[in-house]
Amino acid sequence: MFEESVSFGVFRMFFIVTVSILSVELKIATQLPIAIAIRNLYFHPLSRYPGPSTWCAFRFRYCYTLWKGDLVQDLHRIHLQYGPFVRVAPNEISVAHPDGWDDIHRRRPGHLSFPKNPIWWGELPDRTPSIVSAATPEDHKRMRDLLSHCFTPKALKAQESTINLHINKMIEELRKRCLQGQNSKSAVVNIVEWFCFVTFDITGDLGFAESFHCLESNSMHPWVEELFSYGRVGALVAAMRHYAVLFKIFMQCIPKSVLDASLANFNWGVQKTHQRLNLEVQREDWIKYILHNSNEETGDSLSIGELENNMNVLIFAGSDTCSTVLSGTTNHLIKSPHALLKLTNEIRTTYSSMAEMTFESLQRLSYLNAVIEEGLRMCPPNPSGLQHIVPVGGDTVLGHWLPAGTHVGVHQQSLYRSPHYFHEANTFHPERWLSSAKSLPGSPFRDDKLEAVQSFSTGTWGCIGKGLALAELRSVMARLVWNFDMSVAPGGRDVDWLSQKSYAMLERQPLDVQLVLERSETL
Ligand code: HEM
């Protein structure tokens, strides 16, 4: 009897303690998020800035939309509603104002520079940093100074024949397809795919001294294919990095097969770099420029790990970007017959053969350049914010004070499509880039803020491949319209550019274009 009542008492005590603990935990679990939300909404240093409350209260909202691939569209929508300076997470500000470039990217006297945000740009554990993930400003400058030698006007001139070789090859392949159409001399092609083929073949050749042979095989090289599949993983890693503990767990949970595949992909680039290093033939490629300008005694050199990683970065940064802009520009051109006709006339009346289309001469064509500028405005390869952080001591952006560590970036899509800065901002008007747009009385583009468009960014971290990219874009577009009449493919796959998902990069959808062969002669 006594024993029974003792064990009942113990059970009762155990029950009461368990229920109390659970109710305390439940209270904490329900009240903690409320406390966090109240703190973030009313007592945070950024709480005075406008933004949607669920986004300002919890970082989770931002990560969720990033994971879904809708971050670009959602931030665009938020900017339209809240203006050019908005809070999009407890500690993040998105900027869609031309002065954002000066405040975040350019050096301001008396201010520290805004470093890249390691959440987005940090290296994976155990990888040697590259130019995009360098841990210190000194390392970044050392790598940037060395890599810049690959992209000087002199280097570009020396690489011109290699680049055009691949572009001519693409034209030749497309011509073959049209000739298979016999009388009609036409073909429908997924142009996005062809732009990927040509841009990766070019960078493979300039980087590893070996093209990926995508054009010859009419298929994506497996290495390139794999790279694309990591876009979503990259976004997930960035989302997880916002939560230090979750990130650690997440990294432990990634299946070994995925980690192995990622390492194998990286190592393929490493192996190609070493094959190139072992070549005895002199080539005007990136490795030549890096090695020629290295000086181990002064420390102006790359370790072997840095060289391997930077080669991987250059191949990807140099290809995916250009193929995105080419795809977007073509998508708009075929739907703007007036612009396409003007471009076609300019190219066909200026040249009588493709051999005359040198980088130097293409640079002088006003309409071609206007088309490319407009393509870059409407289809930047990185439409989302260029992610940076406020330096030690805090600083101002657009006159607003931000504490150190605040995440901040210029949101390209929202800025470039803002009706405040561009007449008919959502319409493809190459004319806005012509000098007459400013000088002609009554021009609708007189007040356009062209300087708002910095698709290659600017300042300390601005694109080092801008000259190469522009030369490539001009050369591809000119050769295409010189050889083919392009139009929307009846019943073909179409792209609504703004509805494409974006993870670590834009996930481009297929775009069918009808090509009709204009030239009968071979190259
Ligand atoms: C249309 C083509 C291209 C566009 C629109 C573009 C755009 C950009 C932008 C916006 C950045 C700055 C990112 C930031 O500040 O957060 C950047 C950086 C960079 N780009 Fe490009 N890029 C293009 C082509 C290329 C090419 C062809 C290469 C080289 C092969 C290249 C190599 C790089 C590198 C290495 C960086 C990092 C620079 C640094 O951190 O110092 N890009 N690019």
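The rules behind each value
- Every chain is numbered on its own, with residues counted from 1 as its sequence reads.
- The predicted origin of the model limits local features to residues at a pLDDT of at least 70 and limits the giving and counting of side-chain atom pairs to 80 or more, whereas totals for whole chains, interfaces and linings rest on all residues.
- Water and hydrogen atoms play no part in the side-chain values, which are based on all heavy atoms of the structure.
- Under the scheme used here, helices are H or I runs from DSSP no shorter than 4 residues and strands are E runs no shorter than 2 residues, and both carry numbers assigned from the N terminus.
- Exposure classes here rest on a 1.4 Å probe applied to the protein chains alone. A residue is buried below 20% of its type maximum, exposed above 50%, and partly exposed in between.
- A pair is scored as a salt bridge if a Lys or Arg side-chain nitrogen falls within 4 Å of a carboxyl oxygen belonging to Asp or Glu.
- Strand pairing is assigned whenever DSSP identifies at least 2 bridges connecting the two strands.
- Lines are fitted to the C-alpha atoms to define the axes, a helix being fitted only along its stretch in contact, and any angle between axes, read from their N-to-C directions, falls within 0 to 180 degrees.
- The contact criterion used throughout is that any non-hydrogen atoms of two residues lie within 4.5 Å.
- Residues belong to one nonpolar core when they are buried, are Ala, Val, Leu, Ile, Met, Phe, Trp, Tyr or Cys, and are joined through side-chain atoms within 4.5 Å.
- Donor criterion used throughout: N, O or S atom within 2.8 Å of the metal, extended to 3.2 Å for Na, K and Ca. Water excluded; incomplete-looking sites may result.
- Crossing handedness is defined as follows: a turn of the near helix away from the far one that is anticlockwise and smaller than a right angle gives a left-handed crossing, while the clockwise case is right-handed.
- Each residue is assigned to one class: nonpolar for Ala, Val, Leu, Ile, Met, Phe, Trp, Tyr, Cys and Pro, charged for Asp, Glu, Lys and Arg, and polar for all the others, Gly among them.

- If you look the protein up in an unreviewed UniProt entry, it shows as Cytochrome P450 from Massariosphaeria phaeospora.

### Describing the environment of Arg48
Piece 1. Topologically, Arg48 is positioned in the loop between α1 (2-43) and α2 (53-57).
Piece 2. Classification of Arg48 by relative accessible area gives exposed; the value is 58%.
Piece 3. Once the C-alpha coordinates of Arg48 and Ala135 are considered, the two residues, 87 residues apart in sequence, prove to be 32 Å apart.

### As for unusual backbone geometry
Excluding glycine, most residues fall at negative phi; most peptide bonds, likewise, are trans.
Piece 1. Here the phi dihedral of Ala209 falls at roughly 65 degrees; this positive angle occurs in a residue that is not glycine.
Piece 2. What makes Ala209 buried here is its relative accessible area of 18%.

### Observations regarding the pattern of salt bridges
Piece 1. A complete count under the given rule lists 29 salt bridges for this structure.
Piece 2. With its nearest N and O atoms 3.0 Å apart, the salt bridge here joins Lys272 to Glu210. Here Lys272, found in helix α13 (residues 256-277), pairs with Glu210, found in the loop between α9 (191-208) and α10 (214-217); they are 62 residues apart in sequence, far enough to count as distant.
Piece 3. Residue class for Glu210 comes out partly exposed when judged on its relative accessible area of 32%.
Piece 4. Salt bridges sharing common partners tie together Lys169, Glu173, Lys176 and Arg177.

### A closer look at the sheet that holds strand β4 (residues 385-389)
Piece 1. The strand order across the open sheet formed by four strands is β1-β2-β7-β4, and the pairing between neighbours is mixed. One side of each edge strand has no neighbouring strand; the edge strands of this open sheet are β1 (85-89) and β4. Between one strand and the next, the sheet's axes are offset by a mean angle of 30 degrees, whatever the strand orientation.
Piece 2. When β4 meets strand β7 (residues 407-411), the two strands line up antiparallel, connected through five bridges. Pairing of His388 across the sheet is with Val408, part of β7.
Piece 3. Across the face of the sheet, helix α4 (residues 71-82) comes into contact with β1, β2 (92-95) and β7 while running at roughly 135 degrees to β1.

### Some details on the nonpolar core
Piece 1. Of all hydrophobic cores here, the largest spans 116 residues; its most connected members are Met170, Trp286, Ile347, Leu368, Leu402 and Met486.
Piece 2. Core analysis: the next-biggest nonpolar cluster, separate from the first, contains 14 residues, Trp55, Val86, Ala89 and Tyr503 among them.

### A look at the sheet that holds strand β3 (residues 186-190)
Piece 1. Taken together, the three strands give an open sheet; going across it, the order is β3-β9-β8, and neighbouring strands pair in antiparallel fashion. The open sheet terminates on both sides in strands that have one partner only, identified here as β3 and β8 (484-488). Adjacent strand axes in the sheet meet at a mean angle of 30 degrees when their direction is disregarded.
Piece 2. Pairing geometry for β3 and strand β9 (residues 512-517), over five bridges, is antiparallel. The residue bridging Val189 from the neighbouring strand is Val513, located in β9.
Piece 3. The strands touched by helix α8 (residues 153-180) within the sheet are β3, β8 and β9, with β3 carrying the most contacts at an inclination of about 130 degrees.
Piece 4. Of the strands in this sheet, β8 and β9 are in contact with helix α21 (residues 466-483), which crosses β8 at around 95 degrees.

### A word on the coordination of the iron atom of the ligand
Piece 1. Of the protein atoms, Cys463 (SG) alone serves as a donor to the iron atom of the ligand, at 2.3 Å.
Piece 2. Inspection of the secondary structure assignment puts Cys463 in the loop between α20 (436-439) and α21.

### Looking at the packing of α8 against α21
Piece 1. Contact pair α8 / α21: the axes reach a minimum separation of 10 Å and the direction vectors enclose 35 degrees. Every pair of crossing elements has a handedness; the one defined by α8 and α21 is right-handed. Facing Leu156, Ile163, Asn164, Ile167, Asn168, Met170, Ile171, Leu174 and Arg175 of α8, the residues of α21 in contact are Gly467, Leu468, Ala471, Glu472, Ser475, Val476, Arg479, Leu480 and Asn483.
Piece 2. Residue composition of the contact of α8 with α21, by class: ten nonpolar, five polar and three charged.

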